[in-house]
Amino acid sequence: MAKKHEIEEKEVFPGERLAVIEEYNEGEGTYQSDGEVRSAEIGVTRHDGATRSVAVEKKTPEITVPEEGMVAVAEVGSVARRDARVNIFMLNGRHIHPTYSGVIHISDISRDYTKNIDMALRNGDTVKGRIVNVKNRLNQMSLADPEYGVVYAYCSRCGGLLELDRGRLTCPDCGRVERRKTARSYGKEELV
Amino acid sequence: MSNNIVSRLKRKKIVDVVATGKRMDGRELLQYRDLEIKTNFLAKSEGSAEVKLGKTHVVVGVKIGIGHPFEDTPDAGVMMVNAEYTPVAHPTWEPGPPPKDAIELARVVDRGLRAAEIIDMSKLGLISGVKVQMIFVDLYVLNYDGNLIDACSAGALAALTTTEAPEYKVSKKGEIKKTDKTEKLKLRAHPLAVTVCKIGDSLIVDPTYDEEEVKDGRITITVDENGNLNAIQKRGPVGFTLDEIKKCINIASEKSAEIKAIALAGE
Amino acid sequence: MSKTTKKKTTKRKTSKKKWTRVDGRKPDELRPIHIESGVIPNADGSAYIEMGRNKIIAGVYGPREMHPKRFSKPNMGILRCRYHMAPFSVDPRRSPAPSRRDKEISMVMTDAIEPALFLERYPRSVIDVFVEIIEADGGTRCASINAAAVALADAGIPMKDLVSSCASGKYEGNLILDLGDYEDKNGESDVPVAYLPKNDQVTLLQMEGIMTQDETEKCIELAIEGCKQIYEIQKEALKKKYGMVEATEETEEAPEEEEPVEEAEEE
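The shown structure was predicted, so the numbers you read here are calculated from the model rather than taken from an experiment. (Residues numbered from 1 in each chain as written. Chains lettered and ligands numbered in written order. Predicted model: local features only at pLDDT ≥ 70, side-chain atom pairs only at ≥ 80, totals over all residues.)

Caption draft 1: Geometry of the overall build of chain A. The secondary structure content of chain A amounts to 0 helices and 16 strands. For chain A, the C-alpha radius of gyration of 23 Å lies well beyond 16 Å, the compact-globule estimate for 192 residues. With the principal axes as the frame, chain A shows a C-alpha extent of 70 × 35 × 30 Å. When burial is assessed residue by residue, chain A has 41% of its 192 residues classed as buried. (Helix = DSSP H or I, 4+ residues; strand = E, 2+ residues; numbered from the N terminus. Rg over C-alpha atoms; globule rule 2.2 N^0.38 Å. Buried ≥ 20, exposed ≤ 12 C-beta atoms within 10 Å, placed from the backbone.)

Structure, rendered in C-alpha cells:
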C-alpha cells in the first residue's frame, strides 16, 4: 500500500487552490494555473500518495458529451460506400437533445471483414455501439462486438419494423427478409 | 423531439399501460397531478400567479396599461393574451418568435376568458375612441412537462382574480392620470380549461410531455362555474365519436370544478 | 491625526448622518439575496435568484452539439448566454421581443462567464445559458450572472471558478454598493462588475455616469467586495443542493449516496 499521507480530504469549490505543482500533480477534476493545482469541480479532494496527485471527486452530475468508451445509440443517416453517418441520440443510457453527429467506418462494423456496408446498415436503422474516437472532427462509433449493431431496422420495401425470426430479419408486414449486422439485443433494446 | 423509433416504442409502452387503466407515473386516467398556485407574488404586475402542475411550471403576469381601442368598439377596453415558450423550459425549445403551439395556447386560453365575458370591457373605456385600459395577460412557461393549456388557464384565472386594477382619472383637458387607488378586478365568470387526451381507446386528463407526444388527439373544453361551456378546441389527426365528445364534456365539467377550488384560493 | 483632517471628518460625519439610502441600507450593504439551485427539472442545471426585488431564473442546457453547425468551432465549444425580460417584469409592460439592450447584456454576460469555463474541452458544442427576468429591480445583469454561474455549476460543468457579480455606484455624492432600481435610475453613476473570486479577475466591467478617476477605482473595489460576499451565498445554495456540510476543519465524509437523483423528485 502506498504511503498514507496525513492530508485531510475536504469539500471544495471551483477555483479553490489544492496544492502547488511541486507537491501534487493535477488529477481528475482539477486544473493547473501558474504552477498551482486548483479544483474544477464542486466535490471532495482525493489525494493519491502513490501518484502524487490530487483529484476532486465531483458531487454534481456528470455532463453528457461523447467520450471514448461511451455506449451510444444512434439513428443511421446517409450510408456511403465506406462509412455511414449517424445521429447519436443516447449516450450511456441518457437521451440527449439535439443529437450528436457521428460516423461509422466500414472497418468498425464487425470484427470480420465487411465487404459491403449495405449488408450491415441501412438508412433509418437504429444502432447501438461504442464511441471509439472523438478527435477526428466526428464522433466515431464502432459496432464491432456481438453486443453492438443494429437494434431496430425498417423494411426497405414497405417500411415495417423488421423482426428477428429464427435468426432472420423478417418484415412482419410483407415477408421480406433482409440482412444487417444485428446486436444481441435486436428488437429488445430499451430506448424509453 | 424524439426520433421515429423512440416515439414508436414510447407510444407502445404508454398505450399498453393506459389500456390497463393506469398511467406511467401511477396516476388514474382521470387524475390530475398535484396543482399548486401561488398568487400575487410579483410587485410590478397588477396581478400574478405561479402555477406548478406536476413538473409543468408557468408564471402568469397581468399588466394593466393604457392603449388605443379597436375602431369598432371605441369605448371598450382591450384584453390581450400572449404566451411565451422560454428556451429554459425544454431542451427542444429555442429562442425566437413564438412557435405555432404557443400561439394556439394563447388563443385557446384567450378564447375561454373572452367568450365567458369574464371582464366587463365596456367599463374600461377612458376617452371614447382614443384611450382605453388595456389588460395584458402574459403566460410565461418556465418548465414544460405537458398540459400547458390547463395550467395556463388556471394561472390566468388565478392571476385575474387577484388583480388589483389601478383607478384612472381623466381630467377635463383629457389627461389620464393613474391614481394611487386600486380596486380588485371584477370578474363576471370563472372559466377553466380542461384538456382530455385520447390515447388508443382511452381518455386521460392532464397529460405529461411523453403522453402528449404519443397521444392521438385532444379536446380542450372551457367550463365556467355554472357548468356552461365557453370554448372548445379539438386537435390531432384523429376523429372523436359523439359518445367520446360527450364523455369529454362530462370530464371537463367535473374536473374544472376540482381545479376551481385551487385556482380561486387566492381570491 | 492632524487637526485639519479631524475637522474634515467631523464635517463629513454630520453630513453622513443625515444621508441614508432610500431603502435604509448602509452604503456598502447588499440587498437581501436568496439563491436556490435546481429549479427547472428539464434543464441540465438551473438556479433562481432573488436579489432585492429582482426575481430571475437561469437554466443551462449542454454542452450539446451546436446547431446550426456552421456556427460551431472545430477546436472549442461556444458559450451562448441569452438575457431576456418577461413582458411583465417591468412597468409599463414591454414587448417580449428581445431589445437592443437585451442583446448587449447577453453579450457582456457571455464575456463575464466564459473565462470561468473550459470551452476547449467541448469542440463543436455549445453551452446555452438562458436567463429569464421575471421581475426587474435594478442590477438585473449582475443578478443574472450570479444565477447563471450557479446554474452552470449545478449542471456539473467543470469550472475554473464561480462568477460573482454586483454593481456599485454613486448616489447623492456617496459611493454605494448594489444599487436598487431607484438608485440606479436617479444616481450619478453605476458600475456593474463581475468577478472570479478565486482567480481575482474582473470579467464584467461597465460604467455609466460621472465620477472622478479616484471614485471610479473605489467603486470597482467596492463592487469586488460585494462580489466576495455574493460568492459565499452562491456556495451556500450549491452546498444545500448537493448535501454538503460546512467545510470546517474536522470535515467528516457526508453520506454521499443520497444526493443528485433525489433532488429532481422534490420539484
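Caption draft 2: Representation of the overall build of chain C in the model. Regarding its fold elements, chain C presents 6 helices and 10 strands. Counting over 267 residues, chain C shows a buried share of 49%. Looking at chain C alone, contacts between residues at least 24 apart form 70% of all its contacts between residues at least 6 apart. (Contact = placed C-beta atoms within 7 Å.)

Caption draft 3: Expanded view of helix α1 (residues 4–19) of chain B. Helix length check: α1 of chain B, at 16 residues, gives a terminal C-alpha distance of 22 Å against a target of 22 Å (1.5 Å per residue), a fit within 8%. For α1 of chain B, the full list of buried residues reads Ile5, Val6, Arg11, Ile14 and Val18 of chain B. Considering only its buried residues, α1 of chain B is in contact with β11 (126–133) and β13 (149–152) of chain A together with β9 (192–199), β10 (202–205) and α4 (209–214) of chain B. Glycine 21 of chain B sits one or two residues past α1 of chain B and shows a positive phi near 85°. (Expected span 1.5 Å × (residues − 1).)

Caption draft 4: Local environment of the environment of alanine 167 of chain C. With respect to the element layout, alanine 167 of chain C can be found in strand β6 (residues 164–171). Between the C-alpha atoms of alanine 167 of chain C and arginine 141 of chain C, which are 26 residues apart in sequence, the distance is 9.2 Å.

Caption draft 5: Expanded view of the sheet that holds strand β2 (residues 17–20) of chain A. Residue and element names in this part refer to chain A. In space, the 3 strands of this open sheet follow the order β2-β5-β4, with antiparallel pairing throughout. With partners counted over all chains shown, the strands left at the sheet margins are β2 and β4 (30–33), one partner each. The sheet shows a mean angle of 30° between the axes of neighbouring strands, direction not considered. Inspection of the sheet shows β4 paired to strand β5 (residues 36–39) by 4 bridges, in the antiparallel sense. (Pairing = 2+ DSSP bridges. Axes fitted to C-alpha atoms, helices over the stretch in contact; angles between N-to-C directions.)

Caption draft 6: Main features of the interface of chain C and chain A. Taken together, the contacts link 30 residues of chain C with 24 residues of chain A. When residues of the side of chain C that touches chain A are traced back to their parent elements, those giving at least two are β3 (54–65), α3 (140–154), α5 (213–241) and α6 (259–265) of chain C. Sort the elements by how many residues they give to the side of chain C that touches chain A and β3 of chain C lands first, with 3 residues. Residue composition of the side of chain C that touches chain A, grouped by class: 17 nonpolar, 5 polar and 8 charged. (Nonpolar A, V, L, I, M, F, W, Y, C, P; charged D, E, K, R; others polar.)

Caption draft 7: A look at the sheet that holds strand β7 (residues 53–58) of chain A. Residues and elements named next belong to chain A. With mixed pairing, 4 strands are arranged side by side in an open sheet as β1-β6-β7-β3. In this open sheet, the two edge strands, each paired with only one partner strand, are β1 (11–12) and β3 (25–26). Both strand β6 (residues 43–48) and β7 contribute to a ladder of 6 bridges, which runs antiparallel. Looking across to β7, one finds that glycine 43 is bridged to lysine 58.

Caption draft 8: Just the packing of helix α2 (residues 100–115) of chain B against helix α3 (residues 148–161) of chain B, in detail. All names here are of chain B. Contact geometry of α2 with α3 gives a least axis separation of 10 Å together with a crossing angle of 45°. Relative to α3, the element α2 lies oblique. As for how α2 packs across α3, the hand of that crossing is right-handed. Residue-level inspection shows Leu105, Val108, Val109, Gly112 and Leu113 of α2 in contact with α3, the latter providing Leu148, Ile149, Cys152, Ser153 and Ala156. Within the contact of α2 with α3, the residues separate by chemical class into 8 nonpolar, 2 polar and no charged. (Parallel < 35°, antiparallel > 145°, perpendicular 65-115°, else oblique. Left-handed = near helix turned anticlockwise from the far one by under 90°.)

Caption draft 9: Molecular detail of the interface of chain C and chain B. Taken together, the 23 residues of chain C in the interface contact 24 residues of chain B. At the level of elements, β3 and β5 (125–135) of chain C are the ones that each hand at least two residues to the side of chain C that touches chain B. Among the elements that take part in the side of chain C that touches chain B, β5 of chain C stands out by supplying 4 residues, more than any other. The class makeup of the residues in the side of chain C that touches chain B is 13 nonpolar, 3 polar and 7 charged.

Caption draft 10: Highlighting the packing of helix α2 (residues 100–113) of chain C against α3 of chain C. Residues and elements named next belong to chain C. Between α2 and α3, the least distance of the axes is 10 Å, while the angle of their chain directions is 45°. Between α2 and α3, the interaxial angle falls into the category oblique. Judged by the sense of rotation from one axis to the other, the crossing of α2 with α3 is right-handed. Contacts between α2 and α3 involve Ile105, Met109, Ala112 and Ile113 from the former and Arg141, Ser144, Ile145, Ala148 and Ala149 from the latter. The class makeup of the residues in the contact of α2 with α3 is 7 nonpolar, 1 polar and 1 charged.

Caption draft 11: Up close: the nonpolar core. Counting 151 residues, the largest nonpolar core has Leu139 of chain B together with Ile113, Val129 and Ala148 of chain C as the members making the most contacts within it. Not counting residues within four places of it along the chain, the set of residues in contact with isoleucine 113 of chain C comprises Leu79, Cys81, Val129, Ile145, Ala148, Ala149 and Val163 of chain C. With 35 residues, the next largest nonpolar core counts Ala72, Phe89, Ile109 and Leu162 of chain A among its residues. (Core = buried A, V, L, I, M, F, W, Y, C linked by C-beta atoms within 7 Å.)

Caption draft 12: Region of the structure containing the environment of aspartate 118 of chain A. Residue and element names in this part refer to chain A. Relative to the helices and strands, aspartate 118 resides in the loop between β10 (94–105) and β11. In this structure aspartate 118 comes out as partly exposed when scored by C-beta crowding, with 15 C-beta atoms within 10 Å. Taking the C-alpha atoms as reference points, aspartate 118 and threonine 30, separated by 88 residues in sequence, lie 45 Å from one another.

Caption draft 13: Geometry of the environment of methionine 134 of chain B. Residues and elements named next belong to chain B. Its place among the elements puts methionine 134 in strand β6 (residues 131–143). Look at methionine 134 and you get partly exposed, because 19 C-beta atoms sit within 10 Å. Distance in space between the C-alpha atoms of methionine 134 and isoleucine 66 is 5.4 Å, their sequence separation being 68 residues. Residue contacts for methionine 134: discarding those within four places in its chain leaves Ile64, Gly65, Ile66, Gly67, Gly77, Val78 and Met80.

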